[in-house]
Amino acid sequence: MRWLGKPAPPPYEACHKIFSAKAGQSVTPDQQLIIGDGLATDITGALGQSIKAILIESGIHHDDLRAHGWII
C-alpha cells in the first residue's frame, strides 16, 4: 500500500513542481510555507520536507490547544 495523502511526500512534491513552474525556476523548501490546521498531516508533512509551517489555531485542534492553555 502506498500512502498518497499528507503527511507523505507526494502532495508536497506536487506543490513544489507547481511553484517551480510558476516561478520559472526551482523553488527551495526555505522559500515555501505551509499553512494548515492538522498537526499530524499538514504540519508533520511540511516539517518532513523541511518546509516552514504555520498552525491555524482555530482549526481542528482548537479545543485541545485551549484545554492545554496554549491559546486563550
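Think of each chain on its own: its residues are numbered from 1, step by step along the sequence as written. The predicted origin of the model limits local features to residues at a pLDDT of at least 70 and limits the giving and counting of side-chain atom pairs to 80 or more, whereas totals for whole chains, interfaces and linings rest on all residues. Calculated side-chain values reflect all of the structure's heavy atoms, with hydrogen atoms and water omitted.

A. How the structure looks around a nonpolar patch on the surface. Nonpolar side chains (Val, Leu, Ile, Met, Phe, Trp, Tyr) are joined into patches within 5 Å and like charges within 9 Å, using only residues with over 30% relative accessible area and no salt bridge. The method behind every accessible area is Shrake-Rupley, applied with a 1.4 Å probe, and residues are considered shielded solely by the protein chains displayed. Definition used for salt bridges: Asp or Glu carboxyl oxygen within 4 Å of a side-chain nitrogen of Lys or Arg. The grouping of Leu-33, Ile-35, Ile-54 and Ile-56 at the surface amounts to a nonpolar patch, some 350 Å² of accessible area in total. Positionally, Ile-54 belongs in strand 2 (residues 52-55). Burial classes follow relative accessibility: with a 1.4 Å probe on protein chains only, a residue under 20% of its type's maximum area counts as buried, one over 50% as exposed, and anything between as partly exposed. The class for Ile-54 is partly exposed, based on a relative accessible area of 40%. Helix and strand definitions follow DSSP, with helices as H or I runs of at least four residues and strands as E runs of at least two, each counted in order from the N terminus.

B. Focus on helix 2 (residues 39-48). Buried within helix 2 we find Asp-42, Ile-43, Gly-45 and Ala-46. Here the buried residues of helix 2 occupy an arc of 160° about the axis, which is enough to place them on one side. Helix 2 presents Ala-40, Leu-47 and Gly-48 as exposed residues on the side facing more than 90 degrees away from its buried surface. It only takes one pair of heavy atoms within 4.5 Å for two residues to be counted as in contact. Close packing links the buried residues of helix 2 with helix 1 (9-23), strand 1 (33-36) and strand 2. Where helix 2 ends, the next residue or the one after it, Ser-50, has phi of about 60°, a positive value. Working note: the arc is built from the helix axis to C-beta atom directions.

C. Highlighting the pairing of strand 1. Because side chains alternate across strand 1, one face comprises the buried residues Ile-34 and Gly-36, and the other comprises Leu-33 and Ile-35, none of which is buried. Here, a strand pair is defined by DSSP locating no fewer than two bridges between the strands. Pairing geometry for strand 1 and strand 2, over four bridges, is parallel. The residue of strand 2 that forms the bridge with Ile-34 is Ala-53.

D. Structural context of helix 1. Take the residue count of a helix, subtract one, and multiply by 1.5 Å to get its expected span. Taking 1.5 Å per residue, 15 residues should reach 21 Å; helix 1 reaches 21 Å between its end C-alpha atoms and fits that length. Of the residues making up helix 1, those classed as buried are Pro-10, Tyr-12 and Ser-20. The buried residues of helix 1 occupy an angular sector of 165° when the element is viewed end-on, so they sit on one face. Every exposed residue of helix 1 that faces more than 90 degrees away from the buried side is listed here: Ala-21 and Lys-22.

Honestly, it's all geometry; don't read function into it.
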